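Okay, here's what each chain looks like letter by letter:
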Amino acid sequence: MTQQPSPSDDTRALIRHHADRFRHELESTKTVPTIDRLIERSPVTIYKTALTATIEKALTASDLTARTIRLIRAKVRALGRTLAGLFLPQNDRTGREGVIVIDGERRDQLLRWTVSHELGHAILKHSGTAYFDGSWRSLDGLAREASTDIAIQEVEANLFASYLVFPDGAWHSLVTQDRFNETTLRRVARGFDVSHMSAAMELVQRAHRPSAAIVIQRGMPEFLGSTSKELHASGVHTSQKLR
């Protein structure tokens, strides 16, 4: 399991500032922002529609090289139905506008984190070629881990989404203790109108002790949190299996 890079305190404060400012623009400082509101206030165009066809349309209109377009198409095919969104950053040299494409066939609970994450890339002005729904795989090699720069940008976009979707005041009124279980997870998912995966990610990240969750999606387990070695060394085991 690849160790995620950790942003500095200054970087976290800057990302929180951007998220708080955007939340203020949404006029939803105390409520969960709706998908329609996120789309309306987005600084880049967001298409909420049939994913593959719209990605193809965006690629055809882009200024990307033929090789890069082939790689993106291959990536989209490889991810298949697991892909919920894609962000093509703006290109200041050519004047191309950034664009976000999300799968309009999915429920809003599954899309809220995806949209917020891709907005993080846009608002933080990340300059990669393409971002695939928080994917940790590189564009040039589907089986290779992303470069350090891309990995850092993915963590920063996740932080932005976390600050935007789970504001501290609402979080602390809903989650009153550090330990969590399946009941806590369902309460967070329902209270913030997000998927169980998004709720589990946030619970693990906010825990003050080494914690982990195993989330079963489409029959496949996904591990979130500290590595097994870190958990064993800490002597604290709070892993939950969550469906």
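Given the structure is predicted, the values throughout are model-derived calculations rather than measurements.

(A) Spotlight on the nonpolar core. The biggest cluster of nonpolar side chains holds 22 residues, and the ones touching the most others in it are Phe22, Leu38, Ile100, Val115, Leu119 and Phe160. When residues of this core are assigned to their parent elements, the largest contribution, five residues, is made by helix α5 (residues 108-123). Sequence-distant contacts of Val115, that is, excluding residues within four places in its chain, are made with Ile35, Leu38, Ile46 and Ile102. Val165, Leu185, Ala199 and Val204 belong to the second-largest nonpolar core, a separate cluster that totals 16 residues.

(B) Structural context of the packing of aromatic side chains. Scanning the model with the defined rule gives five aromatic pairs in all. Measuring from ring centre to ring centre gives 6.5 Å for Phe22 and Phe160, while their planes differ by 40°; the resulting arrangement is tilted. Of this pair, Phe22 sits in helix α1 (residues 9-26) while Phe160 sits in helix α6 (residues 148-165), and the two are 138 residues apart along the sequence. Overall, Phe160 belongs to the buried group, its relative accessible area being 0%. Seen in terms of ring centroids, Phe166 and Phe192 are 5.0 Å apart; in terms of plane orientation they differ by 70°. Their pairing is edge-to-face. Here Phe192 lies in helix α8 (residues 182-192) and Phe166 lies in the loop between α6 and α7 (168-174), a separation of 26 residues in the sequence. Across this residue pair, the class does not change: Phe166 and Phe192 are buried. The aromatic ring of Trp171 is capped on one face by Arg206, whose charged end is 4.6 Å from the ring centroid.

Rules and cut-offs
Counting restarts for each chain: residues are numbered from 1 in the order of the written sequence. Where local features are concerned, this predicted model is filtered to residues with pLDDT of at least 70; where side-chain atom pairs are given and counted, the filter is 80 or more; whole-chain, interface and lining totals use all residues. In computing side-chain values, all of the structure's heavy atoms are included and hydrogens and water are not. As used here, the term nonpolar core means buried Ala, Val, Leu, Ile, Met, Phe, Trp, Tyr and Cys residues forming a set that is joined through side-chain atoms within 4.5 Å. Relative accessibility under 20% of the residue-type maximum defines a buried residue, over 50% an exposed one, and the middle range a partly exposed one, all with a 1.4 Å probe and only protein chains included. Here a helix means four or more residues in a row that DSSP labels H or I, a strand means two or more in a row labelled E, and each is numbered from the N terminus. By the convention used here, residues are in contact when the closest approach between their heavy atoms is within 4.5 Å. Pairing of aromatic side chains here covers Phe, Tyr and the six-membered ring of Trp, requires ring centres within 6.5 Å, and sorts the geometry by plane angle: under 30 degrees stacked, over 60 edge-to-face, intermediate tilted. We call a charge positioned above a ring when the Lys NZ or Arg CZ atom is no farther than 6 Å from the ring centre and deviates by at most 35 degrees from the ring normal.

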